[in-house]
Amino acid sequence: MSASARPSALAPFRIRNYRFQWPADLLTSWAFEMETLILGWYVLVETGSVLLLTVFASLGYVGTLVAPVFGVIGDRIGHRDLLAMMRAAYATLAATLMILALTGHLTPPCVFLIAALMGIVRPSDLGVRGALVATIMPHEQLIGAISLSRTTMDTARIAGALSGAGLFASLGIGPAYVAIVCLYAVATVLTLCVVAPHGRAKAHEAVEAVLRRSPLRDLKEGISYVWTSPRMRAAIWIAFLANLTAYPLTNGLLPYAAREIYLTNQSGLGYLSASFAVGSLAGSIALSLVGSVRVARLMIGATIVWYATLLVFAQMQTVPSAMACLMLAGFSQSLCMISLAVILMRAASEQFRGRVMGVRMMVIYGLPLGLLAAGGLIDLVGFAAMGTLYAVAGLAMMLVIILHWRADLWHAHAPANAR
């Protein structure tokens with residue numbers, strides 16, 4: 001294919017709906033990262049307990065168990081409307097924390113309660129936005145659109161981590177939360193600007209379906225739909241494995257590593273978090289520039305590199321060396337997660353996309369399980385030994401998945417490797 005014929009990396013922005021969804025996702029992700037860093041540091045400093053830190057981080061994922069229900073709701077009322085309601089809920093909860101902080105009534109129990117309420121809704125955000133992207137974008141632009149959509153999380157983790165740490169350190173938690181509430185509010189408005197791409201006949205059919213079918217039946221059909229497809233089942237297992245054994249090291253435990261291992265402050269934590277995001281952003285941009293790729297093979301290779309990098313990261317004792325490892329880990333995890341999302345969206349028919357992504361979000365429950373286990377292991381054997389155990393176990397289980405589904409994931413002519 002000639003260079004002139006290769007689609008532009010920015011081609012998705014030619015779609016009007018995408019021009020509204022992308023900045024809405026960006027602002028939401030920015031607020032997510034600011035909240036995660038600010039509240040994680042607050043809990044660690046106020047309680048002094050790594051176990052309570054892992055409990056707090058785990059509360060952010062309690063909603064993964066009900067994520068398929070959000071998928072059912074999205075398939076029924078529309079992914080745009082559901083996403084807007086979710087983001088309005090984020091703004092309301094963040095405003096509650098802001099008021100408590102500004103009035104001097106904020107305490108760790110209040111933070112835990114708000115985190116639990118937020119955790120019911122927030123884990124489904126990624127899945128619903130992915131389903132909406134698949135709905136508004138042409139099939140041939142799906143890889144580019146999902147890659148660019150992924151940059152909203154990557155750039156937000158860079159800017160959100162650094163700005164959140166800066167605001168928290170210089171102004172305090174109350175003023176920092178004023179900015180977070182504003183980000184959520186603007187994101188909600190931009191989401192509402194996305195026009196649902198369903199025609200009248202399709203909307204009428206959806207209404208009839210709501211009247212005829214029960215939500216429980218929709219939920220069962222969605223889980224069954226995923227489970228009967230080998231490539232989707234394999235992708236779901238890889239997602240669960242990554243959340244159980246890979247993400248705990250970089251999502252939840254970084255405040256502990258920054259304070260106890262690298263002996264740094266909020267700013268150092270911001271740099272560590274941003275390093276992972278810089279690598280992830282580079283991976284997202286690189287994949288958006290690729291014309292075609294065998295996504296299942298890419299997913300396998302990237303996951304193996306990810307675990308190998310985390311194995312090295314667990315041994316690091318200085319901030320610069322840890323930042324270098326986190327950059328490479330972020331790059332490889334981005335390639336893995338984008339490839340996984342593309343496999344699921346390509347395999348799912350339009351009427352099942354919400355439920356498929358709901359099941360995908362449900363397996364994020366592996367992250368709180370991994371975090372809680374990590375908190376206990378750190379107290380027993382230390383951070384380095386815990387990280388080594390997680391990385392080695394992840395590599396071993398990944399090899400089992402590859403061997404079991406090699407015909408569906410590695411064969412060049414398998415549907416999951418279609419260009």
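Residues numbered from 1 in each chain as written. Predicted model: local features only at pLDDT ≥ 70, side-chain atom pairs only at ≥ 80, totals over all residues. Heavy atoms only, no water.

**Student:** Can you lay out the overall build of the protein for me, pointing to particular residues and giving the numbers?
**Tutor:** When helices and strands are tallied, the protein shows 19 helices and zero strands. Taken across its 419 residues, the protein has 55% of its residues classed as buried. Within the protein, contacts between residues at least 6 apart in sequence are counted, and of these 87% link residues at least 24 apart. Counting only carbon and sulfur atoms, one obtains 69% of the accessible surface of the protein, whose full area is about 16500 Å². (Helix = DSSP H or I, 4+ residues; strand = E, 2+ residues; numbered from the N terminus. Buried < 20%, exposed > 50% of the residue type's maximum accessible area, 1.4 Å probe, protein only. Contact = heavy atoms within 4.5 Å. Areas by Shrake-Rupley, 256 points an atom, 1.4 Å probe, with all protein chains shown as cover.)

**Student:** Report on the nonpolar core, specifying residues and quantitative values.
**Tutor:** Counting 130 residues, the largest nonpolar core has Tyr177, Tyr184, Trp306 and Phe383 as the members making the most contacts within it. Residue contributions to this core peak at 16 residues, all from helix α15 (residues 319-347). The contacts of Phe383, once residues within four sequence positions are left out, are Leu249, Leu253, Tyr256, Ala257, Ile261, Phe313, Ala314 and Ile378. (Core = buried A, V, L, I, M, F, W, Y, C linked by side-chain atoms within 4.5 Å.)

**Student:** Run through empty space enclosed by the protein, naming residues and quoting values.
**Tutor:** Using the criterion set out here, one finds three cavities of 30 Å³ or more in the structure. Here the largest cavity defines a volume of roughly 1000 Å³. In terms of lining, the largest cavity is formed by 48 residues, of which the most central are Glu33, Thr36, Tyr61, Arg122 and Asn251. Ranked by residue count, the leading element in the lining of the largest cavity is helix α1 (residues 16-47), at eight residues. Size it by volume and the second largest cavity reaches roughly 210 Å³. The wall of the second largest cavity is formed by 16 residues, among which Leu126, Gly130, Ile146, Ala341 and Met357 lie closest to the centre. Broken down by secondary-structure element, the contributors of at least two residues to the lining of the second largest cavity are α6 (125-136), α7 (142-171), α15 and α16 (353-362). Taken together, the residues of the lining of the second largest cavity sort by class into eleven nonpolar, two polar and three charged. (1 Å grid on protein atoms, 1.4 Å probe; cavity = no way out; pocket = protein on both sides within 12 Å on 5 of 7 lines; lining within 4 Å. Points joined across faces, edges and corners; volume = space filled by probe spheres on them. Nonpolar A, V, L, I, M, F, W, Y, C, P; charged D, E, K, R; others polar.)

**Student:** So what's going on with the packing of helix α11 (residues 230-245) against helix α18 (residues 383-404)? Which residues, and what values?
**Tutor:** Contact pair α11 / α18: the axes reach a minimum separation of 10 Å and the direction vectors enclose 175°. One way to sum up the angle between α11 and α18 is to call them roughly antiparallel. Of the residues in α18, those in contact with Ala234, Trp237, Ile238, Leu241, Leu244 and Thr245 of α11 are Tyr390, Gly394, Met397, Met398 and Ile401. The class makeup of the residues in the contact of α11 with α18 is nine nonpolar, two polar and no charged. (Axes fitted to C-alpha atoms, helices over the stretch in contact; angles between N-to-C directions. Parallel < 35°, antiparallel > 145°, perpendicular 65-115°, else oblique.)

**Student:** Let's hear about the environment of Val319: which residues, and what values?
**Tutor:** Relative to the assigned elements, Val319 resides in helix α15. Along the primary structure Val319 and Ile261 are separated by 58 residues, whereas in three dimensions their C-alpha atoms are 9.1 Å apart. Contacts of Val319, omitting those with residues within four sequence positions, involve Tyr262 and Leu272.

**Student:** Just give me the short version of the packing of α1 against helix α5 (residues 108-121), but keep the residues and values in it.
**Tutor:** Closest axis-to-axis distance for the α1/α5 pair is 10 Å, and the angle between their directions is 145°. When you trace α1 past α5, the crossing you get is left-handed. In contact with Glu35, Leu39, Tyr42, Val43, Glu46 and Thr47 of α1, α5 contributes Pro108, Val111, Phe112 and Met118. A breakdown of the residues in the contact of α1 with α5 according to their chemical character gives seven nonpolar, one polar and two charged. (Left-handed = near helix turned anticlockwise from the far one by under 90°.)

**Student:** Pulling in residues and values, what's your account of the side chain of Ser275?
**Tutor:** Mapped onto the elements, Ser275 comes out in helix α13 (residues 266-288). A polar side-chain atom of Ser275 sits 2.7 Å from the main-chain carbonyl oxygen of Tyr271. (Polar contact = N/O pair within 3.5 Å; in protein donor to acceptor, adjacent residues only side chain to side chain.)

**Student:** Describe a nonpolar patch on the surface, listing the residues and the values that go with them.
**Tutor:** Residues Val62, Leu65, Val66, Val69, Ile73, Ile77, Met85, Leu113, Leu117 and Ile120 make up a contiguous nonpolar surface patch of roughly 790 Å² in combined accessible area. For the nonpolar patch, the secondary structure elements donating two or more residues are α3 (67-77) and α5. Relative to the helices and strands, Leu117 is located in helix α5. (Patch = residues over 30% accessible without salt bridge, like charges linked within 9 Å, V, L, I, M, F, W, Y side chains within 5 Å. Salt bridge = Lys/Arg side-chain N within 4 Å of Asp/Glu carboxyl O.)

**Student:** How would you explain unusual backbone geometry if you had to name every residue and give the values?
**Tutor:** The phi dihedral of Leu263 is positive, around 55°, even though this residue is not glycine. Structurally, Leu263 is set in the loop between α12 (254-261) and α13. Overall, Leu263 belongs to the exposed group, its relative accessible area being 71%.

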